[in-house]
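One letter stands for each residue in the lines below.
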Amino acid sequence: MIEVKQSKLGDGGEFNRGVFATVDIAKGTLIHQAPVVPYPNEDHEHVEKTILEDYVFEYGANHTAILLGYGSLINHSYEPNATYDINFDNHTFDFYAYTDIKAGEEIVINYNGEEDSMDPLWFLDDYEERMLEFNKSNDDEGEKKTNPQSLDTDTSK
């Protein structure tokens, strides 16, 4: 149903991956259950010193979690086609289609947790500058511009 491949979102680096639909996925369909490796928030200072800091999610009030499977490779968009629920009973993040998703389409979530949240993201200090650069490179290549609300600038992926 899903696969990981090179994403056009972000800077195009070798680790710029995303999760893509391999078949049409209907709205509401469970896409993926990502198991979690939780750790206490007070241990986060150690994770902050590694690349893993870019891949963690809040997991309740007192924990942070590293998602296994494809969960941490799903990119951000302010116009998401997927959403997630934290399943504390199963210790998973359950990703669902928020809209109908076509085969070949990249699966994106809103990193703010709420599908309609337009709050700035913690890692996008230079967001506007990177958007201008991204759109300019698309113009130079003659490609269609991507909606500025749909750029994942997490270059570690």
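This structure is a prediction, so every number in the text was calculated from the model and none was measured. (Residues numbered from 1 in each chain as written. Predicted model: local features only at pLDDT ≥ 70, side-chain atom pairs only at ≥ 80, totals over all residues. Heavy atoms only, no water.)

Moving on to the nonpolar core. Counting 25 residues, the largest nonpolar core has Ile 25, Ile 31, Leu 67, Phe 93, Phe 95, Ile 107 and Ile 109 as the members making the most contacts within it. When residues of this core are traced back to their parent elements, those giving at least two are strand E2 (17-21), strand E3 (30-40), strand E5 (63-67), strand E7 (82-87), strand E8 (92-97) and strand E9 (106-109). In this view, Leu 67 contacts Ala 34, Pro 35, Val 36, Tyr 55, Phe 57, Ser 72, Phe 93 and Phe 95; residues no more than four positions away in its chain are not counted. (Core = buried A, V, L, I, M, F, W, Y, C linked by side-chain atoms within 4.5 Å. Buried < 20%, exposed > 50% of the residue type's maximum accessible area, 1.4 Å probe, protein only. Helix = DSSP H or I, 4+ residues; strand = E, 2+ residues; numbered from the N terminus. Contact = heavy atoms within 4.5 Å.)

Here we come to the sheet that holds strand E1 (residues 2-6). Sheet strands associate in pairs through backbone hydrogen bonding, adopting either a parallel or an antiparallel arrangement. An order of E1-E2-E9-E6 is seen for the four strands of this open sheet, with the pairing classed as mixed. The outermost strands of the open sheet, each flanked by one partner alone, are E1 and strand E6 (75-76). (Pairing = 2+ DSSP bridges.)

Here Asn 41 lies in the loop between E3 and helix H1 (44-47). In this structure, the C-alpha to C-alpha distance between Asn 41 and Gly 60, residues 19 residues apart in sequence, is 9.8 Å. The contacts of Asn 41, once residues within four sequence positions are left out, are Ala 61, Asn 62, His 63 and Thr 64. For Asn 41, the side chain forms a polar contact with the main-chain nitrogen of His 63, separated by 3.4 Å. (Polar contact = N/O pair within 3.5 Å; in protein donor to acceptor, adjacent residues only side chain to side chain.)

This part is about the packing of aromatic side chains. If you walk through the whole model with that rule in mind, you get six aromatic pairs. For the pair Phe 57 and Tyr 84, a centre-to-centre distance of 5.7 Å together with 85 degrees between the ring planes defines the contact as edge-to-face. Of this pair, Phe 57 sits in strand E4 (residues 56-58) while Tyr 84 sits in strand E7, and the two are 27 residues apart along the sequence. With respect to burial, Phe 57 and Tyr 84 carry one shared label: buried. (Phe/Tyr/Trp six-rings, centres within 6.5 Å; stacked < 30°, edge-to-face > 60°.)

Here we come to the pairing of E9. The two faces of E9 match: Glu 106 and Val 108 on one face and Ile 107 and Ile 109 on the other face are all buried. Of the pairings in the sheet, the one linking E2 to E9 comprises two bridges and is antiparallel in character. Of the residues in E9, the one forming a bridge with Phe 20 is Glu 106.

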